[in-house]
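Given next are the chains, with one letter for each unit.
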Amino acid sequence: MTKKKIFIAGAGPSGLATALFLNQQGIDCTIVDKKNDISLYSKALGVNPRTLELLEPLHLTKTFLERGRRMDRINLWYNDTLLFVNNLNRIKHKYPFMLMLSQHESEQILSEACLKKGINLHYGVPFESFKMEANSKGVYVDAGNHSGKFDFLIGADGAGSKVRDQAGIEMDGFSYSNEWKLYDIELEMDLNADEGHIRIFPKGAMIMLRITENLWRLAGNFHDLLDHLPNGTQMGQIKWESAFHIHHKMASKLTAESVGIIGDAAHLHSPVGARGMNLGIEDAFTIAQLIHDDRFHDFDKIRRTYLKKTVNRINTMTMTLAGNGASSRFMRRQLPWIKYVFPLLMPQARKFIMGLN
Ligand SMILES: Cc1cc2nc3c(=O)[nH]c(=O)nc-3n(C[C@H](O)[C@H](O)[C@H](O)COP(=O)(O)OP(=O)(O)OC[C@H]3O[C@@H](n4cnc5c(N)ncnc54)[C@H](O)[C@@H]3O)c2cc1C
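These numbers were taken from a predicted model, which means no experiment stands behind them.

Caption draft 1: Layout of the sheet that holds strand β2 (residues 28-33). Spatially, six strands are ordered β8-β2-β1-β12-β19-β18 in an open sheet, and the strand pairing comes out mixed. The open sheet has two edge strands with one neighbour each: β8 (120-123) and β18 (255-256). Of the pairings in the sheet, the one linking β18 to strand β19 (residues 259-261) comprises two bridges and is antiparallel in character. Looking across to β19, one finds that Thr255 is bridged to Gly260.

Printed below as a string of structure tokens:
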């Protein structure tokens, strides 16, 4: 191990992946999470090919593939009419599909790998505060029994990041006013269970993805999602029901002296495109590499422009599919007519969803 010592606040997918990438570079780190255990509820389901590629040197891709299920196609519907099929396996890549795996399982795999490698991972330990050392030579971190002096502090502590706030980093952007609904519900119906479905209606959009067996994830920007299921659907038990607000926000910078922020602490956007967790894992790979190369301060320069473009593009997709304004509604009504240009747009859309843009 080199002499560098890193502290990571937050053991979600971004923090855990950072710890593993640092460990692979021979760099010592401590990672804490305020929660006592990995959440049973799952936000992200889609693990993209770029992430699967990044996890290869950690020898974790095989485990992800074994525990997940591949999804080769995403269908775009307008009301009950199928407009377009996006064949993900047209992409030239060794993993030409999205892997469906609950975020709970993804975190479990990453967390188990940390423990196996002897990384200092501690649950039930909140990060409290930090103080920059004189001459910016490191940072003193207050986190109960794990407090101490570190070379760098990485905030992987999610949307409400304390690290980001204490570093004085602003989030630029806005929050959407309307609430999104989410259901994990048992369904019996005719939709192809191995494919993804984006169902567009004049008033918004609903994403339907099967999690396991007959359990489906529904998420959409209107309240009566359950009244808009395909004809003949039989509903079973609701396993999880939630409501959330989506944001379109990007940190004004990714580093401040010896502090960096990654994942949801640095960028927030809608689940359209399935990029959030995947982007966080890409951030983790980049920041670990830069720390290894003694280029921590280049993280902002190297990564922020790409992140900003990506977040902006997700916002355009979200506005088109699920925006509330008159122009979004107008666009959606034109979908049956403009479907003829989809084949031209799809190669780019495919690359984007799969993290290969
Ligand atoms: C409905 C929905 C569907 C989604 N689908 C996808 C998808 O298919 N694909 C995809 O890539 N993304 C998806 N996302 C986004 C994805 O869930 C997030 O982008 C991802 O969780 C971000 O990971 P993170 O590690 O940066 O942050 P988080 O997952 O929020 O983890 C932050 C961690 O920090 C801890 N923490 C917070 N404060 C402190 C503190 N003071 N001290 C110590 N620990 C602290 C928290 O307990 C938490 O464990 C989806 C999101 C939603 C809401």
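Back to the write-up after that little detour.
Caption draft 2: Quick look at the site of the ligand. Taken together, 34 residues sit near the ligand, with Gly10, Gly12, Gly158, Gly263 and Gly276 positioned nearest. For the shell around the ligand, the secondary-structure elements that each account for two or more residues are α1 (13-24), β2 and α6 (276-292). Ranked by the residues each element gives to the shell around the ligand, the list is headed by α6, at four residues. A breakdown of the residues in the shell around the ligand according to their chemical character gives 15 nonpolar, 11 polar and eight charged.

Caption draft 3: Highlighting the sheet that holds strand β3 (residues 46-47). Read across the open sheet, the three strands follow the order β3-β7-β4; overall the sheet is antiparallel. Each edge of the sheet is formed by a strand with only one pairing partner; in this case those strands are β3 and β4 (69-71). Sheet analysis places β3 next to strand β7 (residues 98-100), joined by two bridges and oriented antiparallel. From the neighbouring strand, Val47 faces β7, where its bridge partner is Leu99.

Caption draft 4: The arrangement of the pairing of strand β1 (residues 5-9) in detail. Of all five residues that make up β1, four are buried, and the element is covered over most of its length. Regarding topology, α1 serves as the crossover connection from β1 to the parallel β2, and that connection is right-handed. Of the pairings in the sheet, the one linking β1 to strand β12 (residues 152-155) comprises four bridges and is parallel in character. Bridge pairing links Phe7 to Leu153 in β12.

So, how was this worked out
- Residues numbered from 1 in each chain as written.
- Predicted model: local features only at pLDDT ≥ 70, side-chain atom pairs only at ≥ 80, totals over all residues.
- Pairing = 2+ DSSP bridges.
- Helix = DSSP H or I, 4+ residues; strand = E, 2+ residues; numbered from the N terminus.
- Near = placed C-beta within 6 Å.
- Nonpolar A, V, L, I, M, F, W, Y, C, P; charged D, E, K, R; others polar.
- Buried ≥ 20, exposed ≤ 12 C-beta atoms within 10 Å, placed from the backbone.
- Right-handed = clockwise from strand over helix to strand, strands pointing away.

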